[in-house]
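Chain by chain, the residues:
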Amino acid sequence: MSSLRILASLSIFLIATSVAFAADMPSERTVVKEAMALRPADPWPRGTGHVVYAWPGSNEPDKGYEEPGGSLSPAVGSFGISFWVLGSDGKLLCTGDSIPLDKVSQRFVSVPGRGLPEIVVETPYYTATWSLKKPGGYILHLRPKPDARIVIALRSVGPAGGSIDSIRGRAHRLIINANWNLHFSAQVRLRAIGHEGDSGWTTLVNNKMEWHGDDGWGFALLTTIPGVDQAVFIEPAGSARPSRLRFESMAPALHLQLPDSRFKASLDAQTAHLMMGLVDDETRPGDPTNYPLPWLRDGAYVVVALARAGQVDVAKQLALYFVDHDFFGGFGPEADAPGLSLWAIGEVSVLARDRAFDTSVWTSVQRKVQFIERMRHTTAPIYEKPYGPIVPIYTKNAELGLVVDAARDGLIIGRMDWGRPLLFVNAVSYVGLTQAAGLADRTGHPREAKEWRDEASSIQAAWEASLPTKEHQNERTFISSLWPTWVGTNSIETFTELLQQRWDSLHNASGAYLTPPVWTYFDIADAHQWLMLNRQDRAWQTLDSFFDHQSATGLYTWWEGTGEENNFGRWEHVRGWIDPKSVTPHYWTAAEVLLLQLDMLAYVDKTRASTVVIGAGIPAEWRKSDMEVRGLQTELGVVDWTWHRGKLTAVVHHGHPKVVAGNTFGQTAPVEVIYLEL
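Analysis parameters
- Residues numbered from 1 in each chain as written.
- Predicted model: local features only at pLDDT ≥ 70, side-chain atom pairs only at ≥ 80, totals over all residues.
- Heavy atoms only, no water.
- Helix = DSSP H or I, 4+ residues; strand = E, 2+ residues; numbered from the N terminus.
- Rg over C-alpha atoms; globule rule 2.2 N^0.38 Å.
- Buried < 20%, exposed > 50% of the residue type's maximum accessible area, 1.4 Å probe, protein only.
- Contact = heavy atoms within 4.5 Å.
- Lys, Arg positive; Asp, Glu negative; His and termini not counted.
- Charge placed at Lys NZ, Arg CZ, Asp CG, Glu CD.
- Axes fitted to C-alpha atoms, helices over the stretch in contact; angles between N-to-C directions.
- Parallel < 35°, antiparallel > 145°, perpendicular 65-115°, else oblique.
- Left-handed = near helix turned anticlockwise from the far one by under 90°.
- Nonpolar A, V, L, I, M, F, W, Y, C, P; charged D, E, K, R; others polar.
- Pairing = 2+ DSSP bridges.
- Phe/Tyr/Trp six-rings, centres within 6.5 Å; stacked < 30°, edge-to-face > 60°.
- Lys NZ or Arg CZ within 6 Å of the ring centre and 35° of its normal.
- Polar contact = N/O pair within 3.5 Å; in protein donor to acceptor, adjacent residues only side chain to side chain.
- 1 Å grid on protein atoms, 1.4 Å probe; cavity = no way out; pocket = protein on both sides within 12 Å on 5 of 7 lines; lining within 4 Å.
- Points joined across faces, edges and corners; volume = space filled by probe spheres on them.

Engineer: I'd like a rundown of the overall build of the chain, residues and numbers included.
Structural biologist: Check the secondary structure of the chain and you find 14 helices and 27 strands. Here the chain has a C-alpha radius of gyration of 27 Å; the compact-globule value for 678 residues is 26 Å, and the two agree. Overall, the C-alpha framework of the chain stretches about 80 × 80 × 50 Å when taken along its three principal axes. Per-residue burial for the chain yields a buried fraction of 60% across its 678 residues. Across the chain, contacts joining residues at least 24 apart in sequence account for 67% of those joining residues at least 6 apart. When the 62 basic and 75 acidic side-chain charges of the chain are each reduced to a single mean position, those positions are 4 Å apart.

Encoded structure:
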């Protein structure tokens, strides 16, 4: 045998052997679970309520995660930083991950001139503040209480940790795996470097300045001074990958002065979460490690929410993916895609007031409208080729490429979520057509505008005829009938009766949930319907319940499902998030909450021509206080309003709609309206 053939055979053997070996290797999740079983008395990550804390537009692996108590991992598969509380004898009392949640508070704090808000964590033992000034560059400011002995622990486990194979210490510096640099202020001292799991490792003090190992369980402990501010700076060894996303601020372009501090805190938090979940100029449905793909349905809500919150330039960038791609998402091409895509593009178009944007999207809008018309009139199933990643368990599903079956009774018989929620699919197709017609008006295409409105009216008539039919009703019907589509404007009485039945099936007599919600975005969308029906009490019962039951209390995040829904297995390769009970944060939920809160302040009533309703979601007790709201984006103009000494005043920029007061102020309450043109 020639030497070349011998080398080729050896290479094939080595590749095959390495693949087989990798297949037999336990996942990082399994490694941690086994270690937890062997060392149950050692400290471990909390593993609940994590949030993405990362630069907007950063890649999925570059997302940082924080958990209640202040533990943080600066990237997926990096390491964990946590805080340990020592007793007077030097032994471990508790950690930030084991302090009871009712003893931990956290909040976002906006800092003028900085792109991202800080996360401030308060416990009985310390205050920890995390900030992020550039991609991958985290800063910890720690202030132990005067009588608290706090150790900063750097470990392989954390909110999104990974194997630590080497640690090198220098003066006020640590180098982790040659990938990360930690610099710390003079008050912080290196206490120990070593191998996690060795006897007495949690109370170890040594003079080591370097450690190497092959099982990934390296650790370092840093001592701090009680009652003194001290800092740790974390940055990747190389430069961070640049993002395509352009933004100036993560905050909503709103000014709010309201009696309930939770309302503003939540509204600000939703905008921050949606921004931090973006990857380049693409949306993600939820936790980007669980959902490493754009998904049209969830993404449409994210785009509209950011636009309505004043992040119009960011929303324009995100909308281009919807312009260029007709179908994308983990379940393949679904029938709600064209309508939701047109809704998102249309909302951005209205709020951007940018003729160049409208002109650039026109051809794609025509294409998407034509597909809706094709779906509604087809006599045979329509299939499309899946685009982008598919949830692994569904890659071989027989219906993966199916968009619709043959139309029936004037309705699109479309696939969505592996079912046929006809009323939802047709509702979003209706709103997509109405948005497309509005864009046609703005771009000088009156013929198309009339044609598309006629098609929308025909869908609406078929929808309303079908609404009372039990077989066509499911929870998706109730998330779309008024908000966001207004398809049910001529059947409000019937819809109200059905929505009441749904309310009774989910809530007890006092309005509390009988069981915790699973698909939280559905419940918030239900609350939005109640707001449109002038039942702000129902909307607030839901919002109050969500405020009281957060995944990450104080940071206003919520969950999806009862496990790792639609996951791609990426958390298996991470030393963190070991036993998730749900997907969190979820960005469809964040978008729904944000949009509900904005409409509580002011919304456009589609049952009345060119009418803005002010304060429809304001609780009656708020009227005892002065209120001020500035910068609300609506399709009829930017709205500011004040409530001062019992007088309601509104200022409208860029439009001349009729402005009326919400029921809280009284249906006939006078509103002084000032119209300004810039």
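Engineer: Let's hear about the packing of helix α3 (residues 261–276) against helix α4 (residues 296–308): which residues, and what values?
Structural biologist: In contact at an axis separation of 10 Å, α3 and α4 are set at 130° when each is read in the N-to-C sense. The angle between α3 and α4 places the two elements in the oblique class. In this structure, the crossing between α3 and α4 has a hand that is left-handed. Seen from α3, the contacting residues are T271, L274 and M275; seen from α4, they are V302, A305 and L306. Grouping the amino acids of the contact of α3 with α4 by side-chain chemistry returns 5 nonpolar, 1 polar and no charged.

Engineer: Break down the pairing of strand β4 (residues 80–86) for me, citing the residues and quoting the values.
Structural biologist: For β4, the buried fraction is high: 7 of the 7 residues fall into the buried class. Pairing between β4 and strand β10 (residues 149–155): 7 bridges, direction antiparallel. Bridged to G80 within β10 is R155. Pairing geometry for β4 and strand β5 (residues 92–95), over 3 bridges, is antiparallel. Paired with W84 across the two strands is T95, which belongs to β5.

Engineer: Quick one: what's the story with the packing of aromatic side chains, residue by residue and with numbers?
Structural biologist: For the structure shown, the criterion picks out 38 aromatic pairs. Taken together, a centroid distance of 6.1 Å and an interplanar angle of 25° make the contact between F478 and F495 stacked. Taken together, the residues F478 in helix α10 (residues 475–478) and F495 in helix α11 (residues 492–506) connect sequence positions 17 residues apart. Looking at F478, the relative accessible area reads 8%, which means it is buried. Look at F495 and you get buried, because its relative accessible area is 1%. Ring pairing ties together the aromatic residues F263, Y513, W540, F546, F547, Y556, W558, W559 and W622, which thus form one cluster. Above the face of the W44 ring, R155 is positioned so that its terminal group lies 5.3 Å from the ring centre.

Engineer: Any details on the packing of helix α7 (residues 355–377) against helix α8 (residues 422–442)? Residues and values, ideally.
Structural biologist: Put simply, α7 and α8 touch, their axes get as near as 9 Å, and they point 140° apart. Judged on the interaxial angle alone, α8 and α7 are oblique. Once α7 is placed against α8, the crossing between them reads as left-handed. Residue-level inspection shows R355, D358, V361, W362, V365, V369, I372 and M375 of α7 in contact with α8, the latter providing S429, L433, A436, L439, A440 and R442.

Engineer: Residues and numbers for the environment of D640, please.
Structural biologist: Of note, D640 is situated in strand β24 (residues 637–644). For D640, a relative accessible area of 15% gives the class buried. C-alpha of D640 to C-alpha of V652: the two residues are 12 residues apart in sequence and 6.5 Å apart in space. With near-sequence residues (within four places) excluded, D640 lies in contact with V629, R630, G631, T649, A650, V651 and H653. In terms of polar contacts, D640 uses its side chain to reach the backbone amide nitrogen of G631, at 2.8 Å.

Engineer: Describe the sheet that holds β24, naming the residues involved and giving the relevant values.
Structural biologist: A sheet is described by the order of its strands in space; here 5 strands give the open sequence β18-β23-β24-β25-β27, paired in mixed fashion. Whereas interior strands pair on both sides, the edge strands pair on one side only; in this sheet they are β18 (255–257) and β27 (671–676). Strand-to-strand twist of the sheet, defined as the mean angle between neighbouring strand axes without regard to direction, takes the value 20°. Two strands pair when backbone bridges link them, and β24 and strand β25 (residues 647–653) are joined in this way by 7 bridges, in the antiparallel orientation. Counterpart to D640 in the pairing with β25 is V651.

Engineer: Please set out the layout of surface pockets residue by residue, giving values where relevant.
Structural biologist: Of the volumes computed, that of the largest pocket is approximately 430 Å³. In terms of lining, the largest pocket is formed by 18 residues, of which the most central are Y430, T434, Q435, R453 and K606. Counting residues per element, the ones that place at least two in the lining of the largest pocket are α6 (337–352), α8 and α9 (446–466). Among the elements that take part in the lining of the largest pocket, α8 stands out by supplying 6 residues, more than any other. Class assignment of the residues belonging to the lining of the largest pocket gives a composition of 5 nonpolar, 8 polar and 5 charged. If you add up the space inside the second largest pocket, you get close to 340 Å³. In this structure, the second largest pocket is lined by 19 residues; those nearest its centre are T48, G49, Q550, S551 and A552. Its residues placed into classes, the lining of the second largest pocket shows 7 nonpolar, 11 polar and 1 charged.

Engineer: Give me the environment of S610: which residues, what numbers.
Structural biologist: Here S610 shows up in the loop between β21 (602–604) and β22 (611–614). Given the relative accessible area of 44%, S610 is considered partly exposed. The spatial distance from the C-alpha of S610 to the C-alpha of G655 is 9.7 Å, given a sequence separation of 45 residues.

Engineer: Please provide a residue-by-residue account of the environment of A35, values included.
Structural biologist: Locating A35 in the fold gives a position in helix α2 (residues 28–38). Given a relative accessible area of 8%, A35 falls into the buried group. Taking the C-alpha atoms as reference, A35 lies 30 Å from T129; in sequence the two are 94 residues apart. Those residues in contact with A35 that lie beyond four places of it in its chain are W44 and W217.

Engineer: Tell me about the sheet that holds β21, residues and numbers included.
Structural biologist: Judged by pairing direction, the sheet is mixed, and its 3 strands sit side by side in the order β21-β22-β26 without closing on themselves. Across the chains shown, the open sheet's two edge strands, defined by having one partner strand only, are β21 and β26 (658–661). Taking each pair of neighbouring strands and ignoring which way they run, the sheet shows an average axis angle of 25°. Across 3 bridges, the pairing between β21 and β22 is antiparallel. Across the sheet, V604 pairs through a bridge with V612, a residue of β22.

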